[in-house]
Amino acid sequence: MIISNEVQKALKNNKPVVALESTIISHGMPYPKNVQTAYAVEEVIRDHGAVPATIGIIDGEPVIGMSHEQIEEFGKRKGVKKTSRRDLPIIFANKEWGATTVAATMILANMAGIEVFVTGGVGGAHRGAEKNFDISADLEELGKTNVTVVSAGVKAILDLNLTLEILETKGVPILSYGTNEFADFYTRHSGILMENVVNSPIEVAKIIKAKRDNKLDGGILVANPIPEEFAMDTKVINGAIEKALKMADEAHVKGKDITPFLLKTIVELTGGDSLESNIKLVLNNAALGAEIAKELCNL
Ligand code: PSU
Ligand code: MN
């Protein structure tokens, strides 16, 4: 893999590094907001004293710490493949461009020695998963790969209760940040009460270290709710989600295309409001992720 000089240097000197995914760029947001957001997220991480490492696969080679030019290319290039764990060997062998999902980014971050990863929302069990088995590989990865993922919980397009049950089965600690209500991406109010609440980056860092010291393999999910001022109206977002799910069903969207389809449709149905919330919550996660990475370096 190719690790940028800056990221290499930071890792060598025990300086904080935060991993970032690229599916959110290529399949999660429209151009040019996707690229602008990717830059802004990196800037927030730098402002908080950590080094950002945006991860993607270029011509079959994993890149840890993409340049602005590479990020721009990921943002507008056609045919970049959404790449999860199962896709990695194919993308490598065929020397293709791959935008890494949470699962694939965790794998590559872990290989590079990066312990903290920031995204918007992780994948989960889709509604109806008890019948159709549509469960994101992100959950499997959280069960086995030693990376802490800071996200705004999981999106209400999914079945939240089912997702939380699976994470429990896989032994994934979920740390709810600053509130006991599980973050559901666009709002702070899923109505699901959580057992483990943390209120500071150092608390999270201590839990990561305890897991590492005790050789308990697997990830940690930090559920960081969107700040109230950027949250969407529950009725508006739930209406858009219901409609988008119906449209996906009617258009027979399947498999890996479902999440990108729903995200895009919800943006259209909310006149772009959901995209603004999405951007704000990622920036909010970036600040927290950088602080956690810093505390972890100090322990
Ligand atoms: N949730 C978002 N934005 C995203 C994704 C999820 O709010 O861009 C992307 C992430 O890369 C995540 C992937 O890992 O979708 C999950 O897709 P699937 O359900 O097909 O595993
Ligand atoms: Mn799926």
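These figures come from a predicted structure and were not determined experimentally.

## Structural notes on the overall build of the protein chain
Scanning the protein chain from N- to C-terminus turns up 13 helices and 11 strands. Relative to the compact-globule value of 19 Å for 299 residues, the protein chain shows a C-alpha radius of gyration of 18 Å, a close match. Seen along its three principal axes, the alpha-carbon backbone of the protein chain occupies a region of about 50 × 45 × 35 Å. Here the protein chain, with 299 residues, has 55% of them falling under the buried criterion.

## Details of the nonpolar core
Core analysis: the largest hydrophobic core is formed by 100 residues, its most contacted members being Ile64, Ile114, Val149, Phe182 and Val222. The element that contributes the greatest number of residues to this core is helix α13 (residues 273-298), accounting for 11 residues. Apart from the residues within four sequence positions on either side, Val149 is in contact with Val102, Met106, Phe117, Thr119, Val122, Leu142, Ile220, Leu221 and Val222.

## Quick look at the site of ligand 1
The environment of ligand 1 is made up of 15 residues, and the closest members are Glu21, Lys82, Ser136, Asp138 and Lys155. Contacts to ligand 1 include Val102, whose backbone N or O atom sits 2.8 Å from an oxygen atom. In this structure, Thr259 approaches ligand 1 through a side-chain N or O atom, which is 3.1 Å from an oxygen atom. Surface burial for ligand 1 is 93%, taken as the share of its 470 Å² of free accessible area covered by protein chains. For the shell around ligand 1, the secondary structure elements donating two or more residues are α2 (23-26) and α12 (258-269). Taken together, the residues that form the shell around ligand 1 break down as four nonpolar, seven polar and four charged.

## Brief notes about the packing of helix α3 (residues 33-47) against α13
Viewed as axis vectors pointing N to C, α3 and α13 meet at an angle of 25 degrees, and their least axial separation amounts to 8 Å. On the basis of the axis angle, α3 is roughly parallel to α13. When you trace α3 past α13, the crossing you get is right-handed. Between α3, through Lys33, Thr37, Ala40, Val41, Val44 and Ile45, and α13, the contact on the second element is made entirely by Leu275, Glu276, Ile279, Val282, Leu283, Ala286, Ala287 and Ala290. Tallied by class, residues from the contact of α3 with α13 come to 11 nonpolar, one polar and two charged.

## Concerning the side chain of Thr119
Relative to the assigned elements, Thr119 resides in the loop between β7 (116-118) and α7 (129-132). Discounting residues that sit within four places of it in the chain, Thr119 has contacts with Glu21, Ile24, Val102, Val149, Val150, Ser151 and Asn285.

## Structural notes on the pattern of salt bridges
Here the idea is simple: oppositely charged side chains can pair when their charged atoms come close. For the structure on display, the rule yields 15 salt bridges. In this structure, Glu140 and Lys170 form a salt bridge, with 2.9 Å as the shortest nitrogen-oxygen distance. Pair noted here: Glu140 is in helix α8 (residues 137-144) and Lys170 is in the loop between α9 (160-169) and β9 (174-177), with a separation of 30 residues, a long-range link. A relative accessible area of 39% places Glu140 in the partly exposed class. Across the pair Asp213 and Lys209 runs a salt bridge whose closest N-O atoms are separated by 2.8 Å. Highlighted residues: Asp213 and Lys209, both in helix α10 (residues 201-213), separated by four residues, approximately one helical turn. Overall, Lys209 belongs to the partly exposed group, its relative accessible area being 27%.

## Here we look at helix α4 (residues 68-76)
Within the sequence span of α4, burial applies to Ile71, Phe74 and Gly75. The arc that holds the buried residues of α4, viewed along the axis, is 100 degrees, so those residues lie on one side. Contacts from the buried residues of α4 go to α2, α3, β3 (51-58) and β6 (98-100).

## A short note on unusual backbone geometry
Here the residue pair Tyr31 and Pro32 is connected by a cis peptide bond, since its omega of 5 degrees sits within 30 degrees of zero. With respect to the secondary-structure elements, Pro32 resides in the loop between α2 and α3. Although it is not a glycine, Asp59 adopts a positive phi angle of roughly 50 degrees. With respect to the helices and strands, the residue Asp59 is situated in the loop between β3 and β4 (61-64). The backbone of Lys215 shows a phi angle near 55 degrees, a positive value even though the residue is not glycine. Lys215 sits in the exposed class, given a relative accessible area of 71%.

Cut-offs applied
- Residues numbered from 1 in each chain as written.
- Chains lettered and ligands numbered in written order.
- Predicted model: local features only at pLDDT ≥ 70, side-chain atom pairs only at ≥ 80, totals over all residues.
- Heavy atoms only, no water.
- Helix = DSSP H or I, 4+ residues; strand = E, 2+ residues; numbered from the N terminus.
- Rg over C-alpha atoms; globule rule 2.2 N^0.38 Å.
- Buried < 20%, exposed > 50% of the residue type's maximum accessible area, 1.4 Å probe, protein only.
- Core = buried A, V, L, I, M, F, W, Y, C linked by side-chain atoms within 4.5 Å.
- Contact = heavy atoms within 4.5 Å.
- Near = heavy atom within 4 Å.
- Polar contact = N/O pair within 3.5 Å; in protein donor to acceptor, adjacent residues only side chain to side chain.
- Areas by Shrake-Rupley, 256 points an atom, 1.4 Å probe, with all protein chains shown as cover.
- Nonpolar A, V, L, I, M, F, W, Y, C, P; charged D, E, K, R; others polar.
- Axes fitted to C-alpha atoms, helices over the stretch in contact; angles between N-to-C directions.
- Parallel < 35°, antiparallel > 145°, perpendicular 65-115°, else oblique.
- Left-handed = near helix turned anticlockwise from the far one by under 90°.
- Salt bridge = Lys/Arg side-chain N within 4 Å of Asp/Glu carboxyl O.
- Arc of directions from axis to C-beta.

So far we have only geometry, and geometry alone does not tell us how the molecule works.
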